[in-house]
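Each chain is listed here by its residues.
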Amino acid sequence: METEVQSNFTYLRRTFTDLNINASSSTFSDCNSDRSGEFPIASSQSRRLFLSCASENSDELIEQLVSDVESSLIDEQNQVATEIILLAKNKLENRIKIARPGAIKPLISLIASSDPQLQENGVTAILNLSLCDENKELIAASGAIKSLVRALKIGNSTARENAATQLKHF
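Residues numbered from 1 in each chain as written. Predicted model: local features only at pLDDT ≥ 70, side-chain atom pairs only at ≥ 80, totals over all residues. Heavy atoms only, no water.

1. Some words on helix H10 (residues 157–168)
The following threshold applies: Numbering goes from the N terminus for both helices and strands, where a helix is a DSSP run of H or I of at least four residues and a strand is a run of E of at least two. Helix span is expected to be 1.5 Å times the residue number reduced by one. Relative accessibility decides the category of a residue: with a 1.4 Å probe and only protein chains considered, values under 20% of the type maximum give buried, values over 50% give exposed, and everything between is partly exposed. Here the arc refers to the directions that run from the helix axis out to each C-beta atom. Pairs of residues are marked as contacts when any of their non-hydrogen atoms sit within 4.5 Å. Whenever a nitrogen or oxygen atom comes within 3.5 Å of another N or O atom, the pair is scored as a polar contact, on the condition that within protein one atom can donate a hydrogen and the other can accept it, and that pairs from neighbouring residues in sequence are kept only if both atoms are in side chains.
With 12 residues, H10 should reach 16 Å at 1.5 Å per residue; the first-to-last C-alpha distance of 16 Å fits that figure. Looking at H10, one finds that the buried residues are Thr158, Ala159, Asn162, Ala163 and Gln166. Looking straight down H10, one finds that the buried residues subtend no more than 125° of arc, so they occupy a single side. Opposite the buried face of H10, by more than 90 degrees, sit the exposed residues Glu161 and Lys168. Turning to H10, the residues buried within the fold contact helix H7 (116–129) and helix H9 (144–154). Capping the start of H10, Asn156 holds a side-chain oxygen 3.2 Å from the backbone nitrogen of Thr158, two or three residues further along.

As structure tokens, this is what we get:
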């Protein structure tokens, strides 16, 4: 049985209004198939809302995420990078929209972080953006190769795997 709920919701200081959330949606089964950007289980309502609104309000959301990725708070950077990973994971249009406003350089800077999770999220976000051929040249020109090689050498296992995959596709 489908239930639609309309609500106002604030998530990471962003307010979303008039969102329709389909309670019986199976959207999340695809997102939990690997470690390339799922939210923690405890935030399933946030995840459902985020994914529900991502396609309808993606322009505004992407602008805010690109701005927030340069936060000085590691936890916020990790959350924003995770959201970018999700937006770029399965939708070509979002990959282009994210790369266009200048998210690539700040995401590459995350790869240089001493925080292993932040480094992994930076590598994974760049990998997801590179799934769009239009973004590959921009990613390479932004200095990603040197950062990805560094992640390949010193990153955690997921960061190394994603960096190797990324480098193989350049």
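2. Side note on the confidence of the model for the protein
Rules: In predicted models, pLDDT denotes the confidence assigned by the predictor to each residue on a 0 to 100 scale.
Mean pLDDT for the protein: 77, with 66% of residues reaching 70 or above. Low pLDDT, under 50, characterises residues 1–6; the predicted model gives this stretch 13 contacts beyond four residues in sequence or across chains. Long-range and interchain partners of residues 19–42, a stretch whose pLDDT sits below 50, account for 56 contacts in this model, where long-range means more than four residues apart.

3. A few points about the side chain of Ser130
If you trace the backbone, Ser130 turns up in the loop between H7 and helix H8 (133–141). Reaching out from Ser130, the side chain makes a polar contact with the side chain of Gln166 at a distance of 2.5 Å. Setting aside residues up to four positions removed in sequence, Ser130 forms contacts with Lys136, Ile139 and Gln166.

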